[in-house]
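# Fold and geometry: a report
One letter stands for each residue in the lines below.
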Amino acid sequence: MNFLPRCLSYSECSGGAGRSENFRGGSESSSNGGFGKDGLLWFHDIGNYGSGEFSMAIVQANQVLEDQSQIESGPFGTFVGVYDGHGGPETARYVCDHLFRHFQAISAEGNGAVTEETIQRAFLETERGFTSLVSENWNSRPQMATVGSCCLVGAIYQQTLFVANLGDSRVVLGKKVGNTGEIAAIQLSTEHNANIESVRWELKDLHPNDPQIFVLRHGVWRVKGIIQVSRSIGDVYLKHTKFCREPINGKFRVPPPLNMPILLATPSILKHPLHPNDSFLIFASDGLWEHLSNEKAVEIVKSHPRKGSAKRLVKAALHEAAKKREMRYSDLRNIDKKVRRHFHDDITVIILFLNHDQIYRGVVQDPTLSIRSALEH
């Protein structure tokens, strides 16, 4: 996975409508704020989107990168997605290919307006599409039934931020506190992880006749003793009886009957009116939050220049991961992918810095910005 643009400008791909880039190609540095590479870490230090500046970074730990992500910005507003796959990369890649397209098509039905319903329908259409793909490939690739993805989306429309989430990725707002110069960390996303007590109560309410709906294994609560998240795209073996059978691996097959989906694909959605004191947003997969608290992440972003912010957060998490294993960061950097997964997860970080003059004037991003992590790594 590398960082050259998919094409030098969007005009070369689509007739001049905007700019589209992909994390692919060589290993140029990021001295000019563009794409850069440092071992298994790829980054875009600083760039412009419709409502300000952004910084982006990804570090790989798995043999095949299971995180996918994107930033889309144009006349419709801004759309950010962080997709943390599990069991393989297929679902996260599918979501990165299709969720924004559904979002655009559905919002177009309402003359471009974005609502909670717009976002929820886009999620459900994506879930429906992936389920159909699993069905089409059942005979040749039945293991696709056991692959899933967490899904965190932020959409800025006019002066409002919508946050939608499935699973345990997280978005944290850095908010100025009065005139003190302090910035508070405010978590905007709701997480769906069985280690959270409220999630276990939700599962119990939805499945009152299943005493094994969540099981404690090795100090970790898991849904049906298998998976930590209670909501996702994919994981259709826990949603449809016809996929919870041979030839998928026995460890994924739960005892019948599967009368209703065990996992949900309906996101938790928050609507947040943007305020001038809202300074920046940190979107990240759970690989970051495993090692950094909300407050620590906000402090790091606040205390340093914007350029390289996402890369700085990833490196801070890696330093913590190394410290927990009583090793040096430099030694961790030399560990190859796949083996690295024993020390940390794939980590994706996208930071949006908010320019409220642009937001309130309704400035349209021109050319359109489209950045996506590559599909092949």
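Here's what I pulled together on the structure shown here. Each residue is numbered by its place in its chain's sequence as written, counting from 1. Restriction of local features to residues with pLDDT of at least 70 applies here, the model being predicted, together with a cutoff of 80 or more for giving and counting side-chain atom pairs; totals for whole chains, interfaces and linings are based on all residues. Side-chain figures throughout are based on the complete set of non-hydrogen atoms in the structure, without hydrogens or water.

Note on method: axes are straight lines fitted to C-alpha atoms, helices fitted across the in-contact stretch only, with angles between N-to-C directions ranging 0 to 180 degrees. By definition, any uninterrupted DSSP run of H or I lasting at least four residues is a helix, any uninterrupted run of E lasting at least two residues is a strand, and each is numbered from the N terminus. Orientation of helix α2 (residues 90-109) relative to helix α3 (residues 116-136), taken along the N-to-C sense of each, is 135°, at an axis distance of 8 Å. Relative to α3, the element α2 is oriented oblique. Read as a crossing pair, α2 and α3 show a hand that is right-handed. On the side of α2, the interface is formed by Glu90, Thr91, Tyr94, Val95, His98, Leu99, His102, Phe103, Ile106, Ser107 and Glu109, while α3 contributes Thr118, Ile119, Arg121, Ala122, Phe123, Glu125, Thr126, Gly129, Phe130 and Leu133. A breakdown of the residues in the contact of α2 with α3 according to their chemical character gives 10 nonpolar, seven polar and four charged. Roughly parallel covers angles under 35 degrees, roughly antiparallel covers those over 145, roughly perpendicular covers 65 to 115, and oblique covers all other angles. Note on convention: the crossing is left-handed when the near helix lies turned anticlockwise from the far helix by less than a right angle, right-handed when the turn is clockwise. Contacts are residue-level and defined by heavy atoms, with any inter-residue pair within 4.5 Å sufficient. Under the scheme applied, nonpolar residues are Ala, Val, Leu, Ile, Met, Phe, Trp, Tyr, Cys and Pro; charged residues are Asp, Glu, Lys and Arg; polar residues are all the others, including Gly.

Here we take up the packing of helix α6 (residues 294-302) against helix α7 (residues 309-324). Axis separation between α6 and α7 bottoms out at 10 Å; the angle between their running directions is 135°. It follows from the interaxial angle that α6 and α7 lie oblique. Regarding α6 and α7, the two cross each other, and that crossing is right-handed. On α7, the residues touching Ala297, Ile300 and Val301 of α6 are Ser309, Arg312, Leu313 and Ala316. Tallied by class, residues from the contact of α6 with α7 come to five nonpolar, one polar and one charged.

Following Glu246, the chain continues into Pro247 via a peptide bond in cis, with omega recorded as 15°. Residue position: Pro247 is located in the loop between β13 (233-234) and β14 (268-273). Each neighbour pair has its own omega, and for Pro256 with Pro257 the value is 0°, a cis peptide bond. In this structure, Pro257 sits in the loop between β13 and β14. The phi dihedral of His218 falls on the positive side, at around 55°, and the residue is not glycine. Exposure categories follow from relative accessible area, calculated using a 1.4 Å probe and restricted to protein chains: below 20% of the type maximum is buried, above 50% is exposed, and the middle band is partly exposed. Taking the relative accessible area as the measure of exposure, His218 reaches 84% and is therefore exposed. One non-glycine residue, Asp235, adopts positive backbone phi at about 50°.

Stacked, tilted and edge-to-face pairs are distinguished by plane angle, under 30 degrees for stacked and over 60 for edge-to-face with tilted covering the rest, among Phe, Tyr and Trp rings (Trp via its six-membered ring) whose centres lie within 6.5 Å. Tallied over the full model, the rule gives nine aromatic pairs. On the basis of an interplanar angle of 25° and a centroid distance of 6.1 Å, the ring pair of Phe100 and Phe103 is categorised as stacked. Of this pair, Phe100 and Phe103 both sit in helix α2, three residues apart, which is roughly one turn of that helix. Relative accessible area serves as the criterion here: at 8%, Phe100 is assigned to the buried category.

What follows is about α6. For α6, every residue scored as buried is listed here: Asn294, Ala297, Val298, Ile300 and Val301. Across the axial projection of α6, the buried residues extend over an arc of 160°, all falling on one side. Looking at the buried side of α6, the elements it contacts are β9 (170-176), β10 (183-187), β15 (278-284), α5 (286-289), α7 and β16 (347-354). Directions drawn from the helix axis to the C-beta atoms are what define this arc.

Right, let's talk about the layout of surface pockets for a bit. A cavity here means a set of 1 Å grid points, computed over protein atoms only, where a 1.4 Å probe fits but cannot escape. A pocket is an open set with protein on both sides within 12 Å along at least 5 of 7 lines, and lining residues have an atom within 4 Å of a point. Grid points are joined across faces, edges and corners, and a volume is the space filled by probe spheres set on the points. Within this model, the largest pocket holds a volume of roughly 940 Å³. His86, Gly87, Arg222, Gln228 and Arg341 are the residues nearest the centre of the largest pocket, which is lined by 31 residues in total. Contributing elements (two or more residues each) for the lining of the largest pocket: β6 (77-86) and α7. The greatest single-element share of the lining of the largest pocket, amounting to three residues, is contributed by β6. Class assignment of the residues belonging to the lining of the largest pocket gives a composition of eight nonpolar, 11 polar and 12 charged.

With that settled, consider the pairing of β10. Both β9 and β10 contribute to a ladder of five bridges, which runs antiparallel. Looking at β10, one finds that Leu173 is bridged to Ile186. By the convention used here, strands pair only if DSSP detects at least 2 bridges between them. Between the end of β9 and the start of β10, which pair antiparallel, lie six residues, with Gly178 showing a positive phi angle near 55°.

Counting 34 residues, the largest nonpolar core has Ile282, Leu288, Leu313, Val349 and Ile351 as its most contacted members. For this core, the secondary-structure elements that each account for two or more residues are β3 (41-49), β4 (52-59), β15, α5, α6, α7, α8 (329-333) and β16. If one sorts the elements of this core by residue count, α7 sits on top with eight residues. With near-sequence residues (within four places) excluded, Val349 lies in contact with Ser55, Met56, Ala57, Ile282, Phe283, Ala284, Leu288, Ala310, Leu313 and Val314. Side-chain atoms within 4.5 Å link the members of a nonpolar core, which is a set of buried Ala, Val, Leu, Ile, Met, Phe, Trp, Tyr and Cys residues. Residues Val134, Ala145, Cys150 and Tyr237 belong to the second largest nonpolar core, which totals 26 residues.

Any two side chains of opposite charge can pair, given that their charged atoms come close. Only one rule defines a salt bridge in this text: a Lys or Arg side-chain nitrogen within 4 Å of an Asp or Glu carboxyl oxygen. Here the structure, examined in full by the defined rule, presents 18 salt bridges. We note a salt bridge from Lys175 to Asp278, for which the minimum N-O separation is 2.7 Å. Of this pair, Lys175 sits in strand β9 while Asp278 sits in strand β15; the two residues are 103 residues apart in sequence, bridging distant segments of the chain. Exposure remark for Lys175: the relative accessible area of 21% places this residue in the partly exposed category. Between Lys323 and Glu320 there is a salt bridge; the shortest N-O distance is 3.4 Å. Placement of the pair is Lys323 and Glu320 together in helix α7, with a separation of three residues, close to one helical turn. Among the residues examined, Lys323 registers a relative accessible area of 57% and is labelled exposed. Here the salt bridges do not stand alone but share partners, grouping Asp38, Lys315 and Arg333 into one network.

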